[in-house]
Amino acid sequence: MSAEARALVEEAIGVVCTQAKLDPQSSVAIDEMQARPSLPINSPEARTGGVRAQRLLPVAKNLVITSLRQLAGDYNFQKSPKFRARINQAIARINSVKRVRPDMESRDNASVFLSRPHVITFGTIFLAGLRSDEGMISVLAHELMHIADGDNDSLRPLVAAIGNRASDLTGLDIHGQRAEEVTCDLVGALAVRKYVGDTPGYESITRRLARSVEHNCVDLDEGDEDHLSPRNTIRALLALHPVLVRELINDRSDQ
Ligand SMILES: [Zn+2]
């Protein structure tokens, strides 16, 4: 990445994490969610989040399918009949998802058990912490992308290509499971961007787009073998998506 592109990415991260503080509906940062006590399924915040997640699940499914097709085209996989067949199977898996299951024990995580691929299990703290439709769609899309990849990692060539590109752009090590997590987050960001375009509203584009990644605006920025640190996750996503960088920077009327 050029020094200029790198500076724009850092500026956009600043915009996102400023919105995280200003926006009353911003997503709570992951480290803050981790520090919270577990939340009963019947608490009002968890119920509100659960209703939001279930309402947006059909929308998120369509957005993920569109985003997956777009990525396959962008990364030149559409010409391969073998890969097209894999995409079609991935879409069938996405379409078979029916339900979000709130779970107190899962706390600030959402997960998919590939033995039960029709259900996304969603921690109640996470349900309560994603306080906007955009924030919720980004996480639903992330989990749907895991389901799309399936238990045989059938989209691995695309995932690896995205990971390699992100590694080249950022100098970070984004391979293996990290590539899958970044790809799922990228699909989340693409899904939200499309959703914002499809549903004009009174809020600024910047504020709405920021919600797709702002749960990563942590103070305690730690990663592990399978995940980049949250702030490096934003960095990698924005490096992969310069259009999103420009949109975040250009429409910041409410800051
Ligand atoms: Zn994941």
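Residue numbering note: each chain is counted from 1, following its sequence as written. The predicted origin of the model limits local features to residues at a pLDDT of at least 70 and limits the giving and counting of side-chain atom pairs to 80 or more, whereas totals for whole chains, interfaces and linings rest on all residues. The side-chain figures draw on all heavy atoms in the structure; neither hydrogens nor water molecules are used.

Details of the sheet that holds strand β2 (residues 110–111)
Two strands in a sheet stick together by hydrogen bonds in their backbones, pointing the same way (parallel) or opposite ways (antiparallel).
Okay, so step 1: Think of it this way: DSSP has to see at least two bridges between two strands before they count as a pair. Numbering goes from the N terminus for both helices and strands, where a helix is a DSSP run of H or I of at least four residues and a strand is a run of E of at least two. Here we have three strands laid out as an open sheet, ordered β1-β3-β2, and mixed in their pairing. Only two strands of the sheet have a single neighbouring strand rather than two, namely β1 (99–103) and β2.
Okay, so step 2: With two bridges joining them, β2 and strand β3 (residues 119–123) adopt antiparallel strand pairing. When the sheet's bridge partners are listed, S111 is paired in β3 with T121.
Okay, so step 3: In this description, contact between two residues means that some pair of their heavy atoms is separated by no more than 4.5 Å. Axis lines are fitted through C-alpha atoms, for helices just across the contact stretch, and the angle between N-to-C directions can take any value from 0 to 180 degrees. Most of the contacts of helix α3 (residues 44–74) go to β1, to which it runs at about 155°, and overall it touches β1 and β3.
Okay, so step 4: Here helix α6 (residues 133–149) sits on the sheet and contacts β1, β2 and β3; the angle it forms with β3, its principal contact strand, is near 135°.

Some thoughts on the coordination of the zinc ion
Okay, so step 1: Counted as coordinating are nitrogen, oxygen and sulfur atoms within 2.8 Å of the metal, or 3.2 Å for Na, K and Ca, while water is not included, which may make sites look incomplete. H142 (NE2), H146 (NE2) and E181 (OE) make up the full set of protein donors to the zinc ion, lying at 2.1 Å.
Okay, so step 2: All donors to the zinc ion come from one chain, and their sequence spacing reads H-x3-H-x34-E. Of this pair, H146 sits in helix α6 while E181 sits in helix α8 (residues 177–198), placing them 35 residues apart in sequence.
Okay, so step 3: Relative accessible area decides the class of each residue, using a 1.4 Å probe on protein chains only: under 20% of the type maximum gives buried, over 50% gives exposed, and in between gives partly exposed. H146 gets classed as buried once you look at its relative accessible area, which sits at 15%.

Observations concerning the environment of I120
Okay, so step 1: By the secondary structure assignment, I120 is in strand β3.
Okay, so step 2: We classify I120 as buried; its relative accessible area is 0%.
Okay, so step 3: Separated by 10 residues in the primary sequence, I120 and A110 place their C-alpha atoms 7.0 Å from one another.
Okay, so step 4: In contact with I120, other than residues within four places in its own chain, are L57, V97, R99, V100, R101, S111, V112, L140, E143, L144 and I147.

Notes on the pairing of β3
Okay, so step 1: In terms of burial, β3 is a largely internal element, five of the five residues being buried.
Okay, so step 2: Residues V119, T121 and G123 of β3 are buried on one face, and the alternating residues I120 and F122, pointing to the opposite face, are buried as well.
Okay, so step 3: By the bridge criterion, five bridges tie β1 to β3 in an arrangement that is parallel. Directly across from R99, in β3, lies its bridge partner V119.

A short note on α6
Okay, so step 1: The span one expects for a helix is its residue count, reduced by one, times 1.5 Å. Taking 1.5 Å per residue, 17 residues should reach 24 Å; α6 reaches 24 Å between its end C-alpha atoms and fits that length.
Okay, so step 2: Of all the 17 residues making up α6, 17 are buried; the element is thus mostly covered by neighbouring parts of the structure.
Okay, so step 3: Two residues or fewer after α6 comes G150, characterised by a positive phi angle close to 70°.

Focus on the packing of aromatic side chains
Okay, so step 1: Aromatic rings from Phe, Tyr and Trp, with only the six-membered ring used for Trp, were paired whenever their centres fell within 6.5 Å, and each pair was classed as stacked if the ring planes differed by under 30 degrees, edge-to-face if by over 60, and tilted otherwise. Here the structure, examined in full by the defined rule, presents two aromatic pairs.
Okay, so step 2: Ring geometry for F77 and F83: centres 4.6 Å apart, planes at 35°, overall tilted.
Okay, so step 3: Residue classification places F77 among the buried positions, given a relative accessible area of 17%.
Okay, so step 4: Overall, F83 belongs to the buried group, its relative accessible area being 4%.
Okay, so step 5: Ring geometry for F122 against F126: centres 5.6 Å apart, planes inclined by 50°, an arrangement best described as tilted. Each member of the pair, F122 as well as F126, is classed as buried.

Describing unusual backbone geometry
Okay, so step 1: Not every positive phi belongs to a glycine, and R107 is a case in point at roughly 50°.
Okay, so step 2: Relative to the assigned elements, R107 resides in the loop between β1 and β2.
Okay, so step 3: Even without being glycine, D153 reaches a positive phi, approximately 50°.
Okay, so step 4: For D153, the location among the structural elements is in the loop between α6 and α7 (156–170).
Okay, so step 5: The class of D153 is partly exposed, set by a relative accessible area of 31%.

Interpretation in functional terms is not warranted from these geometric data alone.
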